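# Coordinates in review
Below, each chain spelled out in residue letters.
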Amino acid sequence: MTNETDYGFDTLQIHAGARPDPATGARQTPIYQTTAYVFRDADHAAALFNLQEVGFIYSRLTNPTVAVLQERIATLEGGVGAVCCSSGHAAQIMALFPLMGPGKNIIASTRLYGGTVTQFSHTIKRFGWSCTFVDFDDLDAVKAAINDDTRAIFGEAIANPGGYIMDVRAIADIADEAGIPLIVDNTTATPFLCRPIDLGATLVVHSTTKYLTGNGTVTGGCVVDSGKFDWSANDKFPSLSQPEPAYHGLKFHETFGNLAYTFHGIAIGLRDLGMTMNPQAAHYTLMGTETLSLRMERHVENAEKIAAWLEKDERVDFVTYAGLKSSPYFERVAKVCPRGAGGLFTFAVKGGYDACVKLVNALEIFSHVANLGDTRSLIIHSASTTHRQLSAEQQEAAGAGPGVVRVSIGTEDADDLIADLDQALSKATS
Ligand SMILES: *Cc1c(COP(=O)(O)O)cnc(C)c1O
């Protein structure tokens, strides 16, 4: 495709990055199930290793099937490049890796996927990194938390477990002023509902495990670069702006311009951390992206119907869906995710913890699993599972208190889902 930017989202989600296989004409992207690639000759091999020529060396670094997915996600997000990895959590480490060093810190929203809170609270400390969690609705507090060692701000566009929408533009302005990148986890919104780069984000991360794949088959992650950040504007990002000792002194920004961060992610991130996506996983996710907009429209339509029904039900205390007029984030939906508030939300069952557990057990169509973004409707009691490692205060701050359940609304018939919730709520509250 010559000028992809002229095409609409529905066309790009099928075609971006892909072309008929040059060797066989295969119309669907082949699964290049190979570890290595034959060099034309010794000069070709040297040029590839010197990053003077772009090509395939070894599948820890690059693979043709994975490369198609990278180009597709980058295009859908409006970025210049992307690096796929083995999971969403891998993508988060990969995203931070070029920016950080011992003693450096990030600022993150209090409203995040539970696993991310744990990764940022504890695990990153092993690298000498740290994280300060701040309520992103308090912009003064975000500004006040930044210091000379801060290297990024991190938040989720539509936050898991649901109901919170980040004011991406306002946080991006703060990051800009501080000369640091804003990283947005766009997993639960997807580029169909929200385009963080258009709102000022520098980097976007995904758990492709969720809506991008769409049917709960494979784990994966992706880091997308907007190509808009000037890594040499200050001395905060020496891995990108200065000679990189891990690549015989190569200056990534000077050499690769707006692709510096993406090249660093492959040449150093994947090379040395090895959190590589395999070609099978890329294949499943490519299949998923082809129908992304169709699924997201139905996820949103169903979530709106079901949230409205639950809100009126007397067995339910409250519903946190940002698509409801009662939500404090309703106004923000139009600004941040104009095509809808996603398919994920929480609701509180009268009767608290015990009623939540009974509800989860009584449901028939909804599956009780630790996943989201599946065509199937899913439910989980976050406080006893995904957010279990968090303190009581962290659970409340994240919107995952003991009296709420999180649902990921699927693409089934909304009436069937409502009937299932109806019968289970009766059992849970009788
Ligand atoms: C699932 C999820 C992650 C982690 O992704 P994995 O693929 O499970 O590693 C990160 N952020 C959000 C918002 C998620 O939903």
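Described in the following lines is the structure provided in the data block. The shown structure was predicted, so the numbers you read here are calculated from the model rather than taken from an experiment. (Residues numbered from 1 in each chain as written. Predicted model: local features only at pLDDT ≥ 70, side-chain atom pairs only at ≥ 80, totals over all residues. Heavy atoms only, no water.)

The next point concerns the site of the ligand. In the neighbourhood of the ligand, 15 residues make up the surrounding shell, with Gly 88, Asp 185, Ser 207, Thr 209 and Lys 210 lying closest. One of the side-chain N or O atoms of Ser 207 is found 2.8 Å from an oxygen atom in the ligand. Separating an oxygen atom of the ligand from a side-chain N or O atom of Lys 210 is a distance of 2.8 Å. Notes on the ligand: free accessible area 380 Å², of which the protein chains cover 92%. Split into classes, the residues belonging to the shell around the ligand amount to 2 nonpolar, 10 polar and 3 charged. (Near = heavy atom within 4 Å. Polar contact = N/O pair within 3.5 Å; in protein donor to acceptor, adjacent residues only side chain to side chain. Areas by Shrake-Rupley, 256 points an atom, 1.4 Å probe, with all protein chains shown as cover. Nonpolar A, V, L, I, M, F, W, Y, C, P; charged D, E, K, R; others polar.)

Moving on, we get to the nonpolar core. Counting 133 residues, the largest nonpolar core has Leu 99, Ile 153, Leu 182, Phe 252, Phe 345, Phe 347 and Leu 359 as its most contacted members. Each of two domains, domain 1 (7-288) and domain 2 (292-429), supplies a minimum of three residues to this core. Beyond its immediate stretch of four places on either side in the chain, Leu 99 contacts Arg 151, Ala 152, Pro 181, Ile 183, Leu 203, Trp 231, Lys 236, Phe 237, Leu 240 and Tyr 261. (Core = buried A, V, L, I, M, F, W, Y, C linked by side-chain atoms within 4.5 Å. Buried < 20%, exposed > 50% of the residue type's maximum accessible area, 1.4 Å probe, protein only. Domains from an automatic or database assignment. Contact = heavy atoms within 4.5 Å.)

Residue Pro 161 is bonded to the preceding Asn 160 through a cis peptide linkage, with omega at 10 degrees. By secondary structure assignment, the location of Pro 161 is in the loop between β5 (158-159) and β6 (164-165). Even without glycine at this site, Thr 190 takes up a positive phi of about 65 degrees. Here Thr 190 lies in helix α8 (residues 190-193). Classification of Thr 190 by relative accessible area gives buried; the value is 0%. In the Ramachandran plot, His 248 falls in the positive-phi region, its phi being about 30 degrees despite a non-glycine side chain. Here His 248 lies in the loop between α9 (238-241) and α10 (252-256). Take His 248: its relative accessible area is 58%, and that puts it in the exposed class. (Helix = DSSP H or I, 4+ residues; strand = E, 2+ residues; numbered from the N terminus.)

In the structure shown here, the tally under the stated rule is 14 aromatic pairs. Residues Phe 229 and Trp 231 carry aromatic rings whose centres are separated by 4.5 Å and whose planes lie at 45 degrees to one another, so their mutual orientation is tilted. Judged by its relative accessible area of 14%, Phe 229 is buried. Taken together, a centroid distance of 5.7 Å and an interplanar angle of 90 degrees make the contact between Phe 229 and Phe 237 edge-to-face. Each member of the pair Phe 229 and Phe 237 is classed as buried. A network of ring pairs unites the aromatic residues Phe 229, Trp 231, Phe 237 and Tyr 261 as a single cluster. (Phe/Tyr/Trp six-rings, centres within 6.5 Å; stacked < 30°, edge-to-face > 60°.)

A separate point is helix α3 (residues 64-77). If you check α3, its first and last C-alpha atoms are 20 Å apart, about what 14 residues at 1.5 Å a residue would give, namely 20 Å. Summarising burial for α3: 12 of the 14 residues are buried, a large majority. Turning to α3, its buried residues are Pro 64, Thr 65, Val 66, Val 68, Leu 69, Gln 70, Arg 72, Ile 73, Ala 74, Thr 75, Leu 76 and Glu 77. Put simply, Asn 63 is the residue that caps the front of α3, since its side-chain oxygen is 2.9 Å from the backbone nitrogen of Thr 65. Downstream of α3 by one or two residues, Gly 78 has phi in the positive range, about 75 degrees. (Expected span 1.5 Å × (residues − 1).)

Before going further, it helps to examine the pairing of strand β8 (residues 203-207). Here β8 lies mainly inside the structure; 5 of its 5 residues are buried. The side-chain alternation of β8 yields two buried faces, one formed by Leu 203, Val 205 and Ser 207 and the other by Val 204 and His 206. Sheet analysis places strand β7 (residues 182-185) next to β8, joined by 3 bridges and oriented parallel. Across the sheet, Ile 183 pairs through a bridge with Leu 203, a residue of β8. (Pairing = 2+ DSSP bridges.)

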